[in-house]
Amino acid sequence: MTSRLRLLIAAVAVVALLIALPAVLRPYSLGLSTKMLIFALFAMSLDLLLGYTGLASLGHAAYFGVAAYTVALLTLRTGVNSGIAFPAALAAAAVTGALFAPLALRARGSYFLMITFALAQVVWSVAFGWRSLTNGDDGMPGVVRPNFGFSLNNTTAFYYFVLAIFGLCALVLVGIVNSPFGRALRGIRDSESRMQALGYDVWRYQYVAFVLAAAFAGIAGALYAYYNRFVGPEYLYVVQSAEALIMVILGGAGTLIGPAIGAALIVFLEDFVSSMTAHWVLVLGVIYVLVTLFAPHGLIGLLVDFRQRRSAK
Amino acid sequence: MTWLIHILNGVAFGMLLFLLASGLSLIYGLMKILNLTHGSFYLVGGYIGLTVMQFTGSFVLALLAGVIAIALVGAAIERFFLRRFHLEELPQTLLTFGFLFIFADLSLSIWGGDPQMLNEPEIFQSSVPLGYYSYPVYRLFLIAVGLAVAGGLWWFQERTRLGTMLRAGVDDAEIARALGINVSLLFTVVFAAGAGLAALAGVLAAPVLSLYPGADFDTLILAFVVVIIGGLGSLRGALAGALFVGIVDDFGKAFFPEFALFTVFVPMAFILVIRPTGLFGRR
């Protein structure tokens with residue numbers, strides 16, 4: 001069997017499994033699966049920047065949270081239809097990215113990390129401080145899910161809604177990373193100066209990647225606002241950004257399937273560990289340390305190593 | 001007179017920020033590590049001081065215990081973990097973030113979730129008259145300590161042999177190593193010293209600002225703002241940034257309570273636009 005055919009069969013199997021999930025899972029687990037899909041999308045959006053362009057952002061929650069707040073503010077404060085709030089949220093996240101990117105892209109490495117971190121904290125401080133608009137740290141409950149002629153309040157219906165959007169976004173992301181644009185991004189990741197010498201406008205490629213990553217994070221953020229029917233400043237906090245980072249690294253940066261698996265695993269572990277002990281944060285910290293020490297290229301990297309070792313025998 | 005009080009408060013707070021930011025900045029300057037555990041060093045150092053104070057009643061012992069314990073923890077983290085990832089910023093970020101979580105959870109288990117305060121030592125419990133108001137001596141003591149540490153660090157960097165080695169390491173670690181300077185030891189010492197300074201800030205802050213879960217993140221963020229404004233790797237930058245943030249934060253809290261943090265972040269964003277490496281930072 002060729003590897004391409006095997007890949008196709010695997011993809012079909014995963015899609016079939018995802019579609020069949022509501023038939024086998026209880027509502028609670030289905031809700032958890034929905035959350036996994038949302039965070040998988042969030043992690044994939046960050047990987048466009050981290051794994052494909054080589055820019056490690058510690059402020060990706062900004063775009064996730066801006067979109068979530070856009071949904072909440074539009075539906076709760078102005079009474080706009082929740083379905084219309086969705087594209088508005090995506091636009092808000094993309095615009096925030098378009099504004100932040102020129103600031104962040106002036107720096108590389110540690111300074112890039114620090115600037116993205118600081119910019120995200122600016123947004124967080126507005127959400128946290130501006131009580132009259134956002135309720136501060138109490139957050140905004142009562143976000144309604146959109147209604148497209150059928151209700152999404154049912155767990156199964158909402159799961160399919162998220163799955164459809166996730167599938168669409170995943171297809172677009174696969175298209176982006178395999179396009180000439182995506183190849184140029186990988187070239188920039190490996191050597192900025194070489195791509196510059198080849199005549200690529202490196203800054204423009206990085207800018208577009210930054211805005212795209214923000215937009216996809218925004219889609220995830222808007223979905224999460226619907227999922228929880230609530231938004232709070234923690235959506236924008238550095239912890240959220242750092243969780244996205246570990247999801248990407250745990251799965252394997254530079255692939256799309258890796259971050260999705262990493263996100264699903266972290267979401268599952270958070271639920272599982274929290275049901276047994278109050279020390280999820282400790283476990284999460286240990287995961288950070290262990291992944292950095294023993295799986296710097298993520299689970300995908302471990303798998304590749306394992307296969308190479310086996311074929312070498 | 002109110003504005004004088006605000007400025008004094010701002011300077012006192014700025015001095016605490018300087019203790020934090022100078023360590024963060026020294027560590028970055030020498031080994032290019034962005035230490036996200038810095039806020040935890042502050043918080044856990046403060047908690048250790050609190051416990052020692054409760055048992056012994058001695059503020060000096062509390063200071064010593066907090067600083068030494070955290071300096072040792074810092075040395076261990078540098079030796080056994082960060083060292084493996086020299087100049088790799090992503091693994092360093094993940095590691096230091098991991099330790100931030102680990103310390104946050106452990107200190108919540110040990111010291112609980114309620115905000116806790118330390119009583120200031122008796123000699124500093126009085127106030128001095130200041131026009132119609134009176135001003136707590138302890139805050140003046142904070143300003144004095146901050147200035148003393150700033151002076152001490154400057155003297156150490158410019159006038160001592162170890163300081164010269166440090167500057168050589170900051171300029172070019174490889175060449176410094178080739179010249180026979182024990183850069184490996186220098187890394188551990190500087191990381192431990194930076195951690196100790198953060199702990200010193202934690203114990204000193206405990207009588208004024210309470211210690212609570214989340215203070216690690218809050219102080220880390222403010223220290224970041226300070227080094228972004230002042231520039232990483234520069235003592236002068238850390239001092240200028242800390243005073244600026246301390247004063248702006250105090251006025252912001254007094255006059256725009258809803259946007260208290262925002263008043264600090266706006267100048268920071270502005271400085272990022274004109275000088276991405278901060279006022280005194282090097283490229």
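Residues numbered from 1 in each chain as written. Chains lettered and ligands numbered in written order. Predicted model: local features only at pLDDT ≥ 70, side-chain atom pairs only at ≥ 80, totals over all residues.

A few words on the overall build of chain B. Helices and strands together make up the secondary structure of chain B, namely eleven helices and two strands. Listing the helices and strands of chain B from first to last along the sequence gives α-α-α-α-β-β-α-α-α-α-α-α-α. Its C-alpha radius of gyration of 18 Å places chain B within 12% of the 19 Å reference for a compact globule of 283 residues. Each principal axis of the C-alpha atoms in chain B carries an extent, and together these give about 60 × 45 × 35 Å. Once local pairs closer than 6 in sequence are excluded, the contacts in chain B between residues at least 24 apart make up 75%. (Helix = DSSP H or I, 4+ residues; strand = E, 2+ residues; numbered from the N terminus. Rg over C-alpha atoms; globule rule 2.2 N^0.38 Å. Contact = placed C-beta atoms within 7 Å.)

Moving on, we come to the overall build of chain A. Regarding its fold elements, chain A presents 14 helices and two strands. Its C-alpha radius of gyration of 19 Å places chain A within 12% of the 20 Å reference for a compact globule of 313 residues. In terms of overall dimensions, chain A has a C-alpha envelope of 60 × 50 × 40 Å along the principal axes. By the burial criterion, 48% of the 313 residues in chain A qualify as buried. The contacts of chain A with a sequence gap of at least 6 include a subset with a gap of at least 24, amounting to 77%. (Buried ≥ 20, exposed ≤ 12 C-beta atoms within 10 Å, placed from the backbone.)

Before going further, it helps to spend a moment on the nonpolar core. With 205 residues, the main nonpolar core has F216 of chain A together with V225 of chain B as its most contacted residues. Sorting elements by how many residues they give to this core places helix α10 (residues 202-228) of chain A first, with 17 residues. (Core = buried A, V, L, I, M, F, W, Y, C linked by C-beta atoms within 7 Å.)

Attention shifts here to the interface of chain A and chain B. Taken together, the contact between chain A and chain B spans 36 residues of the former and 33 residues of the latter. Within the residue set of the side of chain A that touches chain B, elements represented by two or more residues are α5 (109-129), α11 (238-251) and α13 (280-294) of chain A. No other element matches the 13 residues that α5 of chain A contributes to the side of chain A that touches chain B. Split by residue class, the side of chain A that touches chain B holds 26 nonpolar, eight polar and two charged. (Nonpolar A, V, L, I, M, F, W, Y, C, P; charged D, E, K, R; others polar.)

Residues and elements named next belong to chain B. Here helix α5 (residues 137-159) spans 32 Å end to end across 23 residues, near enough to the 33 Å set by a 1.5 Å rise per residue. All of the buried residues in α5 are R139, L142, G146 and L153. Buried-residue contacts for α5 involve α1 (2-31), β2 (133-136), α8 (183-205) and α10 (235-255). (Expected span 1.5 Å × (residues − 1).)

This part covers the environment of V245 of chain B. With respect to the element layout, V245 of chain B can be found in helix α10. Taking C-alpha positions, V245 of chain B is 40 Å from G180 of chain B, a pair spaced 65 residues apart along the chain.

Further remarks concern the pairing of β2 of chain B. Residues and elements named next belong to chain B. Taken together, the four bridges between strand β1 (residues 127-130) and β2 define a ladder with antiparallel strand orientation. Bridge assignment links V128 to a residue of β2, and that residue is Y135. Linking β1 to β2, which pair antiparallel, is a turn of two residues; within it G131 sits at a positive phi near 65°. (Pairing = 2+ DSSP bridges.)

So, on to the packing of helix α12 (residues 257-276) of chain A against helix α14 (residues 298-312) of chain A. All names here are of chain A. Here α12 crosses α14 at 120°, and the two axes come no closer than 8 Å. From α12, G258, I261 and G262 reach across to α14, where they touch G298, L299 and I300. Of the residues assigned to the contact of α12 with α14, the class counts are three nonpolar, three polar and no charged. (Axes fitted to C-alpha atoms, helices over the stretch in contact; angles between N-to-C directions.)

Turning our eyes to something else, we now look at the confidence of the model for chain B. Residues and elements named next belong to chain B. Per-residue confidence for chain B gives a mean pLDDT of 91; residues scoring 70 or more make up 99%. The element-level mean pLDDT for chain B is lowest in helix α11 (residues 260-274), coming to 81, with helix α3 (residues 59-80) highest at 97. Per the prediction output, this complex has pTM 0.94; the corresponding ipTM is 0.92. (pLDDT = per-residue confidence, 0-100.)

The next subject is unusual backbone geometry. Backbone geometry places N135 of chain A, a non-glycine residue, at a positive phi of 65°. For N135 of chain A, the position within the fold is in the loop between α6 (131-134) and β1 (140-141). Residues other than glycine seldom take positive phi values, yet L87 of chain B does so here, at roughly 65°. The residue L87 of chain B is located in the loop between α3 and α4 (89-111) in this model. Take L87 of chain B: there are 11 C-beta atoms within 10 Å of it, and that puts it in the exposed class.

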